[in-house]
Amino acid sequence: AGSSAHALAAAVMGKHSKNNNERAFFSHAERQAAKYGRHSSGLLGGHNTAGGNFVDTGWGSHKRTLDSDAMKDLDACSLTLVPCVDPVITPKGVVYDKQVIYQYILDRKAEIERELRAWTAQQEAEAAGAASEAARAADQRVEEFVARQEGLSKSDLASRRPSDPSSSGGAVGALMGRTLVEDTGKHAADTSFWVPQLTPQSKSLLDKPDGVVRCPITNEPLKLKQLYPLSFTRADESLTCAETLAKPRNERYICPLSKKALSNTNPAAFLRPSGTVVSVSCVDSIIKKDMVDPFTDPPTRLKEKDIIPLRVEGTGFAAKTDEKALKVTKTDVMGF
């Protein structure tokens, strides 16, 4: 029994001499195996075999497979990730809860005002510093001119000026009015680097803030007049809004034309004239034939910009997930 258990363990773990899995530290080979692929054991065709390699048969994986639990619901707010009570949509198809996105816009505008005030104060301080430096340079030129007229040497002119240890290369350390160290040597900056006036100062400069409120998902300009209210068709009209939101994701809303449930698997599109949400399949097979919104009275002619597909996160399967739609640009938005 003992020998069979030992053989089973050896078969699972592989040879110690090749996998090095008896060591107390992580070897380079194990790091490479953990970085790529799924399996690394020589018995499973891993990197220890003639045709094995880390990329195909390592322990880990460069890519992650996300299931449906990791995807945002079709009717969920893109900020809170919970089903919307009062949904609105942007021209790019991003869905938000009205109260949440309105509060975000107000907070972002206040943040932009604070950033703009800080940047303006920095610009004024830089202008004042430049003016002070120019005035000091002008005074120095006047002093040098007067000294030449009086026949004074540079040492005589330097003795007239107030002593400044930092400008002469010296260093003076004081605490509560008492001089602790005074170094006027040539290498004071090296030997007395801890003295406050010799400590390097880190000057952080602020960039001019972007005065436009942008969508936290697409980084596109976000305006209140471009937030259109959504009108979902409930699967059960007898339920209240709260009861509908408590239902599973595939049982909340349906397409009013096909009567099929709307979800990431069956994506939807928004008709701007009526605000109705229908499935993309019905848009392609019915709506786009006549380019008419049938939910208005009388029916309204549609343009391409009036049909806005809702942004979907995907399903976890490559055939149903549009990776291009998931790509967003980096944005430095407050809280994200």
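Remember, predicted model here, so these are calculated numbers, not experimental data.

## Re the sheet that holds strand 8 (residues 268-271)
- In space, the 3 strands of this open sheet follow the order 9-8-12, with antiparallel pairing throughout. The two strands at the open ends of the sheet, each matched to only one other strand, are strand 9 (277-279) and strand 12 (307-309). Sheet twist, expressed as the mean angle between neighbouring strand axes with direction ignored, is 35°.
- In this sheet, strand 9 lies alongside strand 8 in antiparallel orientation, the contact comprising 3 bridges. Bridging across to strand 9, Ala269 finds its partner in Val278.
- Against the sheet, helix 10 (residues 280-290) contacts strand 8, strand 9 and strand 12, and its axis sits at roughly 95° relative to strand 9.

## Here we look at the sheet that holds strand 1 (residues 87-89)
- Taken in spatial order, the 3 strands of this open sheet run 2-1-5, and their pairing is antiparallel. Each edge of the open sheet is held by one strand with a lone partner, namely strand 2 (95-97) and strand 5 (228-229).

## Some words on helix 5 (residues 98-150)
- In a regular helix each residue adds 1.5 Å, so 53 residues correspond to 78 Å; helix 5 covers 78 Å between its end C-alpha atoms and thus fits that length.
- Among the residues making up helix 5, those that are buried are Ile101, Tyr104, Ile105, Arg108, Glu111, Ile112, Trp119, Gln122 and Ala147.

## Some thoughts on a nonpolar patch on the surface
- Side chains of Val142, Phe145 and Val146 sit close together on the surface and give an oily, nonpolar patch of about 250 Å² of accessible area.
- Along the polypeptide, Val146 turns up in helix 5.
- Overall, the relative accessible area of 35% leaves Val146 in the partly exposed class.

## Considerations on the nonpolar core
- In this structure, Ile89, Tyr96, Ile101, Ile307 and Leu310 are the most contacted members of the largest nonpolar core, which totals 40 residues.
- When contributions to this core are tallied by element, the ones reaching two or more residues are strand 1, strand 2, helix 5, strand 8, strand 9, helix 10 and strand 12.
- With residues near it in sequence (within four places) discarded, Leu310 still touches Leu74, Ile89, Gly93, Val95, Phe232, Ala268, Ala269, Phe270 and Val277.

## As for the pattern of salt bridges
- Evaluation of the coordinates by the stated rule reveals 10 salt bridges.
- The partner of Asp75 in a salt bridge is Arg252, with the nearest N and O atoms 2.8 Å apart. Linking Asp75 in the loop between helix 4 (54-57) and strand 1 with Arg252 in the loop between helix 9 (241-245) and strand 7 (253-254), this pair joins segments that are 177 residues apart in sequence. In terms of burial, Asp75 and Arg252 fall into one category: buried.
- Measuring nitrogen to oxygen at the nearest pair gives 3.7 Å for the salt bridge that ties Glu251 to Lys247.
- On the basis of relative accessibility, which here comes to 41%, the residue Glu251 falls in the partly exposed class.

How each quantity is defined
- Residues numbered from 1 in each chain as written.
- Predicted model: local features only at pLDDT ≥ 70, side-chain atom pairs only at ≥ 80, totals over all residues.
- Heavy atoms only, no water.
- Pairing = 2+ DSSP bridges.
- Helix = DSSP H or I, 4+ residues; strand = E, 2+ residues; numbered from the N terminus.
- Axes fitted to C-alpha atoms, helices over the stretch in contact; angles between N-to-C directions.
- Contact = heavy atoms within 4.5 Å.
- Expected span 1.5 Å × (residues − 1).
- Buried < 20%, exposed > 50% of the residue type's maximum accessible area, 1.4 Å probe, protein only.
- Patch = residues over 30% accessible without salt bridge, like charges linked within 9 Å, V, L, I, M, F, W, Y side chains within 5 Å.
- Areas by Shrake-Rupley, 256 points an atom, 1.4 Å probe, with all protein chains shown as cover.
- Salt bridge = Lys/Arg side-chain N within 4 Å of Asp/Glu carboxyl O.
- Core = buried A, V, L, I, M, F, W, Y, C linked by side-chain atoms within 4.5 Å.

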